[in-house]
Amino acid sequence: METDKPEKLVLNQKSAQLSELIKKLRKGDQMALAKAITFFENDPELIFYLQGELQEILTQSKSHIVGVTGSPGAGKSTLTDAYVSALRREGKKVGIIAVDPSSPFTGGALLGDRIRMKRHFSDDGVFIRSMGSRGNVGGLNDSVFGVIMLYKLYGFDYIIIETVGAGQSEVDIAYVADTVVLVLSPSSGDEIQLMKAGIMEIADVFVINKADIEGAELLKMNLETILNISEVCKPIVMSVATSGKGIDELYNEIEKHRIHLYETGEISQRANRRMKKHAEAILDKRIQSVLRSIDSNDVNAMVNTVLAEICKSPFGG
Ligand SMILES: Nc1nc2c(ncn2[C@@H]2O[C@H](COP(=O)(O)OP(=O)(O)OP(=O)(O)O)[C@@H](O)[C@H]2O)c(=O)[nH]1
Ligand SMILES: [Mg+2]
């Protein structure tokens, strides 16, 4: 009688456990959701055991993915907190992914502490998961895709992803979110943000937060000038996240954009773009693991072959 290899048994066991967790999380069990996320973080390939549900997610889920990005300290977490309150008043369920560039991948206490949505902590219509971005070019951790799928299975109406807009991550969020909110503030040296290539394209809604401090109007004027020159028409919301000023307007602008995506059919283009990025992330992991599996003696032999080729070439010694 043929027996299964040990790896296959482990995988079967894992997929059985994952199926069980998925059954539970679909009934609203947040503990099961947290455990399922950890499963994915450890093994992104488990995604392939979601086949049946995957179809359903893709065809039926209307969870709207909002990316909130911007300079460090611009007020992203405070703004997200206020926006979540507005969504909760409408009875919407919200899943949050907070990406912190400095926290190691431990389920991320760091940002969890900072975001500390005190009011929402005991609210079962809200779930917060933070993740580190360390080791990932571009800031967003690859497992963001798996978490999104699990959030969709759970049935969140809105999925909010907060990323610090350092380096490339503003551009990355554009591959993941349906609506990108770019938070600028007069205290964050955001004149520089405005000059960055690509920023006009990725933002769907601009927020000038900290409208209560000096420089906010000037920042708005500069942004308007740049948008005019580029012949781009996008909304600018002025907000004071700490007092809740401007949050209703932000809510409305995101709704308008959401409706626009459905009316124009762009929503499926964005979903396809996200799936493609997901596939790329999985492929990248596979390539990395193949590279790691190459024996060092083989690598030495390959180096010697290349060395010999160089020596034979007209440029060689
Ligand atoms: N004056 C003023 N302060 C604000 C406003 N919004 C946020 N802050 C303060 O700005 C600081 C940074 O706010 P956060 O919400 O943590 O900013 P963040 O963009 O999430 O920061 P990182 O995640 O570290 O990049 C906090 O001390 C907030 O209280 C605002 O509208 N006006
Ligand atoms: Mg924050």
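Remember, it's a predicted structure, so these values are computed and weren't measured experimentally.

Draft legend 1. Seen up close, helix 2 (residues 30–42). In a regular helix each residue adds 1.5 Å, so 13 residues correspond to 18 Å; helix 2 covers 19 Å between its end C-alpha atoms and thus fits that length. Of all the residues in helix 2, the buried ones are A32, L33, A36, I37, F39, F40 and E41. Where helix 2 begins, one side-chain oxygen reaches toward the backbone nitrogen of M31, 2.9 Å away; that side chain belongs to D29.

Draft legend 2. Quick look at the coordination of the magnesium ion (ligand 2). At the metal site, the magnesium ion (ligand 2) is ligated by S77 (OG) and E162 (OE), and these contacts range over 2.1 to 2.2 Å. Here E162 lies in strand 4 (residues 158–164) and S77 lies in helix 4 (residues 76–89), a separation of 85 residues in the sequence. Residue classification places E162 among the buried positions, given a relative accessible area of 5%.

Draft legend 3. Spatial organisation of the nonpolar core. Grouped together as the largest cluster of nonpolar side chains are 38 residues, with contacts concentrated most on L25, L33, I97, L150, Y151 and I161. Put simply, the parts of the chain that give this core at least two residues each are helix 1 (6–25), helix 2, strand 2 (94–100), strand 3 (126–132), helix 6 (144–154), strand 4, helix 7 (169–176) and helix 12 (266–293). With nine residues, helix 6 is the single largest residue contributor to this core. Split by domain, this core shows at least three residues from each of two domains, domain 1 (1–59) and domain 2 (61–274). By size, the runner-up hydrophobic cluster in this structure holds 24 residues, among which are V66, V68, Y83 and V237.

Draft legend 4. Representation of the environment of L184. Its place among the elements puts L184 in strand 5 (residues 179–184). What makes L184 buried here is its relative accessible area of 0%. Each C-alpha atom of the pair L184 and S71 lies 6.9 Å from the other, and the pair is 113 residues apart in sequence.

Draft legend 5. View of the packing of helix 4 against helix 11 (residues 247–264). With their axes 10 Å apart at the nearest point, helix 4 and helix 11 run at an angle of 70° to one another. On the basis of their axis angle, the class for helix 4 and helix 11 is roughly perpendicular. On the side of helix 4, the interface is formed by L79, A82, Y83, A86, L87 and R89, while helix 11 contributes I247, D248, L250, Y251 and I254. A class-by-class count of the residues in the contact of helix 4 with helix 11 yields nine nonpolar, no polar and two charged.

Draft legend 6. Seen up close, the packing of helix 11 against helix 12. At a minimum axis separation of 5 Å, helix 11 and helix 12 run at an interaxial angle of 95°. Between helix 11 and helix 12, the angle is such that the two are roughly perpendicular. Each of H257, H260, L261, Y262 and T264 in helix 11 lies in contact with helix 12, whose residues at this interface are E266, I267 and R270.

Draft legend 7. A look at unusual backbone geometry. A positive phi angle, close to 60°, is found at K210, a residue other than glycine. With respect to the helices, strands and loops of the structure, K210 is situated in the loop between strand 6 (205–208) and helix 10 (216–229). Despite not being glycine, E231 has its phi angle at roughly 50°, a positive value. Of the residues examined, E231 reaches a relative accessible area of 74% and is grouped as exposed.

The rules behind each value
Residues numbered from 1 in each chain as written. Chains lettered and ligands numbered in written order. Predicted model: local features only at pLDDT ≥ 70, side-chain atom pairs only at ≥ 80, totals over all residues. Heavy atoms only, no water. Helix = DSSP H or I, 4+ residues; strand = E, 2+ residues; numbered from the N terminus. Expected span 1.5 Å × (residues − 1). Buried < 20%, exposed > 50% of the residue type's maximum accessible area, 1.4 Å probe, protein only. Polar contact = N/O pair within 3.5 Å; in protein donor to acceptor, adjacent residues only side chain to side chain. Donors = N, O, S within 2.8 Å, 3.2 Å for Na, K, Ca; no water. Core = buried A, V, L, I, M, F, W, Y, C linked by side-chain atoms within 4.5 Å. Domains from an automatic or database assignment. Axes fitted to C-alpha atoms, helices over the stretch in contact; angles between N-to-C directions. Parallel < 35°, antiparallel > 145°, perpendicular 65-115°, else oblique. Contact = heavy atoms within 4.5 Å. Nonpolar A, V, L, I, M, F, W, Y, C, P; charged D, E, K, R; others polar.

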